[in-house]
Amino acid sequence: MPYRTIIEPFRIHSVQAINLPDSEARQAAIRRAGYNLFGLHSDEVIIDLLTDSGTGAMSSRQWAGMLDGDEAYAGSRSYYRFQEAVTEVTGFAEVIPTHQGRAAERILFETMVQPGSVVPNNTHFDTTRANIEHQGGEAIDLPSPDAKSPAVAHPFKGNLDIAGLEAVFTKLGPDRIPLVMVTATNNAGGGQPVSLENLAAASAVCKRLGVPLFLDACRFAENAWFIKQREPGQQDRTPAEIARSMFDLVDGCTMSAKKDGLANIGGFLGMRDPELAAECRSLLILTEGFPTYGGLAGYDLEAIAQGLREVLDEDYLRYRIRSTAYLADKVDGAGIPIIKPAGGHAVYIDASALLPQIPRNQYPAQALAVELYLEGGVRGVEIGSVMFGKPQADGSELPAPTELVRLAIPRRTYTQSHIDYVAEVVLAVAARAKAIKGMRIIEQARWLRHFTARFEPLA
Ligand code: F0G
C-alpha cells in the first residue's frame, strides 16, 4: 500500500449537530447531575465517550434492511434472517434474541446459577457481575497476571488466568461452578484481547471437568482483529474465520448487539445444547417476548443481521482499531498514564497514577471524569471503585483493583478532528492534575450504584 493514512471506510450520509455549552452551563449541569455523568442530558455533552454501546452510526444497508422489517409476533421473516446471520458467524444452532446483552445474562444465569454458585471470568463486566450476584452466586475475576501492570504492553492482556482457573476448580470442585465465562475483548480490563491459545486452554480445562464455557461476545470482531494482528499463525485468516474459531471453542455466548452487532439495540444468547436453550426460552417468554422476537422489533433484528456481517469487514476493523489507538498514542505521547496497549473500543486513563494525591476511597477516576466534562464537555465513564468497590461489614469499602476513566469510542461516529479535540481536553486536564480533589458519595442504590449515585466534591 503506497499510503500510510488509514481512512474511515465510509462517507457521511446524514449528520447530527452537536454543540458545546459554555463553562457556566457545564458547571450547572454537573451540579444538577450530582457529579454523576450518567445524570447529564446528552445535549449538555459535545463528544460523548460514555459508552460504545448502541451509540454508533448504522449503515445505509442496515437502515434499508429496517424498512423491510417483518413485525409478525410469531415466525417473523426478520427473525429467520437474524438467526441465519448469528449461526453463520457463531456456528450456534440455538439462537435466542434478547433486547440487549444483560437480558441474555439474566436469562442464562437464572437458568444456571444458584445461591452458592461461583462463576469465574477473565473480568466480569458490571451487568454480568450484578446478574450473577442477583442469583445469589459469586462472580470471580481471574485476569491474566499480565494485566496487573497498566503501563506494560502485552499482546493479550485480556487472557483468562488458566492457573487461577485450575486453582478455583481444585478448591471448590466443579459442582459449585455451573459455567465459566470469558469476555472478549475484556472490557473492564482495558478492552484487551483474548488469544485463541488462551481460549483453547480454558476450553480444555472446562471440558476435562464437564463445565460449560460461555463467551461474553460483545466485542468478538474487535477481538478477532487483534488475534489476526498479534497471534502467531493467524495473519492470513479472515476476521470471520478467526471469530468462528473463537466460537468453536465455547459452548455458548451472551451477546450485546449494541457493540459488535453495529446496532442501536439488541442482543442474543447462542448455544449448542437444545435442552438448555429450551429452559432459556421459557424464561424469555416470561419477560422478553416470544422466541422469534425476544423483546425486539422485527426491524431491530434486520439491523443486527446486517451489522454482524459488516462488522467482520477488514477495512472496517482496521480503521476501528487504529482510530482507538490514535487517541491512545496522543494521550500516551503526552506522558499521561493509560492502559497499554490501546484497547479495541476505548482508551483507559489510569486515574490513580495521574492523580496520586487522591486516595482510592475518594474516587480519583470519578473526579477525573468530572474534570474532563468541565474542561471541554467530553463525557467518559468511571471504571473503578464507584463501579466495582465492595462495601464491607464495618462500613468501609474494598477498592476496585484499578481506578480508570474509560473513553469509549462509538462506532463509525466521530472523525479524526473530534478525537484531536478530545486529546486536547485530556491534556489540558492533565496539566492541572495536581489541583484536582476527590469526591464523596452522598446517595447510592443497592445494585449498580454507579448509574445513579450522587457525589459531592471534597474541598
Ligand atoms: N458484557 C460486556 C463485556 C459489556 O461491555 C456489556 C455492556 C454487557 C455485557 C451488557 O450489554 O449493555 O447490551 O446489556 N457494556 C456497555 C459499556 C454498557 O458501556 O461497556 P448490554
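Residues numbered from 1 in each chain as written. Predicted model: local features only at pLDDT ≥ 70, side-chain atom pairs only at ≥ 80, totals over all residues. Heavy atoms only, no water.

The helix and strand tally for the chain stands at 16 helices and 16 strands. The proportion of buried residues among the 459 residues of the chain is 57%. When the accessible surface of the chain is summed, it comes to about 19100 Å², and 53% of that surface belongs to carbon and sulfur atoms. Of the charged side chains in the chain, 45 are positive and 55 negative, and the gap between their average positions amounts to 3 Å. (Helix = DSSP H or I, 4+ residues; strand = E, 2+ residues; numbered from the N terminus. Buried < 20%, exposed > 50% of the residue type's maximum accessible area, 1.4 Å probe, protein only. Areas by Shrake-Rupley, 256 points an atom, 1.4 Å probe, with all protein chains shown as cover. Lys, Arg positive; Asp, Glu negative; His and termini not counted. Charge placed at Lys NZ, Arg CZ, Asp CG, Glu CD.)

This part takes up the packing of aromatic side chains. Under the criterion given, the structure shown has 11 aromatic pairs. Both rings, one in tyrosine 79 and one in phenylalanine 82, keep their centres 6.2 Å apart while their planes meet at 45°; by these two values the pair is tilted. Taken together, the positions of tyrosine 79 and phenylalanine 82, both in helix α3 (residues 77-90) and 3 residues apart, correspond to about one turn of that helix. Given the relative accessible area of 5%, tyrosine 79 is considered buried. You can call phenylalanine 82 buried: its relative accessible area is 0%. Ring centres of phenylalanine 220 and phenylalanine 247 lie 5.5 Å apart, and the angle between their planes is 55°; this geometry places the pair in the tilted category. Taken together, the residues phenylalanine 220 in helix α8 (residues 220-230) and phenylalanine 247 in helix α9 (residues 239-248) connect sequence positions 27 residues apart. (Phe/Tyr/Trp six-rings, centres within 6.5 Å; stacked < 30°, edge-to-face > 60°.)

So, on to the environment of tyrosine 79. With 39 residues separating them along the chain, tyrosine 79 and valine 118 place their C-alpha atoms 34 Å apart. When neighbours within four sequence positions are excluded, tyrosine 79 is seen to be in contact with Val95, Pro97, Pro291, Thr292 and Leu301. (Contact = heavy atoms within 4.5 Å.)

Two side chains bearing opposite charge may form a pair once their charged atoms approach each other closely. A complete count under the given rule lists 30 salt bridges for this structure. For the salt bridge of aspartate 248 with arginine 244, the shortest nitrogen-to-oxygen distance reads 3.4 Å. Placement of the pair is aspartate 248 and arginine 244 together in helix α9, with a separation of 4 residues, close to one helical turn. In this structure aspartate 248 comes out as partly exposed when scored by relative accessible area, which is 45%. (Salt bridge = Lys/Arg side-chain N within 4 Å of Asp/Glu carboxyl O.)

Turning to unusual backbone geometry, a few remarks are in order. Between alanine 184 and the following residue, threonine 185, the backbone shows a cis peptide bond with an omega angle of -10°. By the secondary structure assignment, threonine 185 is in the loop between β5 (180-183) and α7 (196-209). Going from lysine 340 to proline 341, the amide bond is cis rather than trans, its omega being -5°. With respect to the secondary-structure elements, proline 341 resides in the loop between α12 (314-333) and β9 (346-350). At tyrosine 35, a position not held by glycine, the phi torsion is positive, near 60°. With respect to the secondary-structure elements, tyrosine 35 resides in the loop between α1 (23-32) and β1 (47-48). The class for tyrosine 35 is buried, based on a relative accessible area of 13%. Of note, the phi angle at tyrosine 363 is positive, near 50°, even though the residue is not glycine.

Attention now moves to the sheet that holds strand β8 (residues 267-271). Across the sheet, which stays open at both edges, the 5 strands sit in the order β2-β8-β7-β6-β5 with mixed pairing between neighbours. Among the strands making up the open sheet, the edge pair consists of β2 (94-98) and β5. Each strand of the sheet is rotated relative to its neighbour by a mean of 15°, with strand direction disregarded. One ladder, built from 5 bridges, connects strand β7 (residues 252-256) with β8; its direction is antiparallel. Bridging from a neighbouring strand, methionine 255 pairs with phenylalanine 268 of β8. Sheet strands touched by helix α10 (residues 274-287): β2, β6 (213-216) and β8. Its angle to β2, the strand with the most contacts, is close to 20°. (Pairing = 2+ DSSP bridges. Axes fitted to C-alpha atoms, helices over the stretch in contact; angles between N-to-C directions.)

So, about helix α11 (residues 298-310). For α11, with 13 residues, the first-to-last C-alpha span of 19 Å sits near the 18 Å given by 1.5 Å per residue. The buried fraction of α11 amounts to 10 of the 13 residues, a majority that puts the element mostly inside the structure. Listed as buried for α11 are Gly298, Asp300, Leu301, Glu302, Ala303, Ile304, Ala305, Gly307, Leu308 and Glu310. Along its buried surface, α11 packs onto α2 (60-67), α3, β2, α8, β8 and α12. (Expected span 1.5 Å × (residues − 1).)

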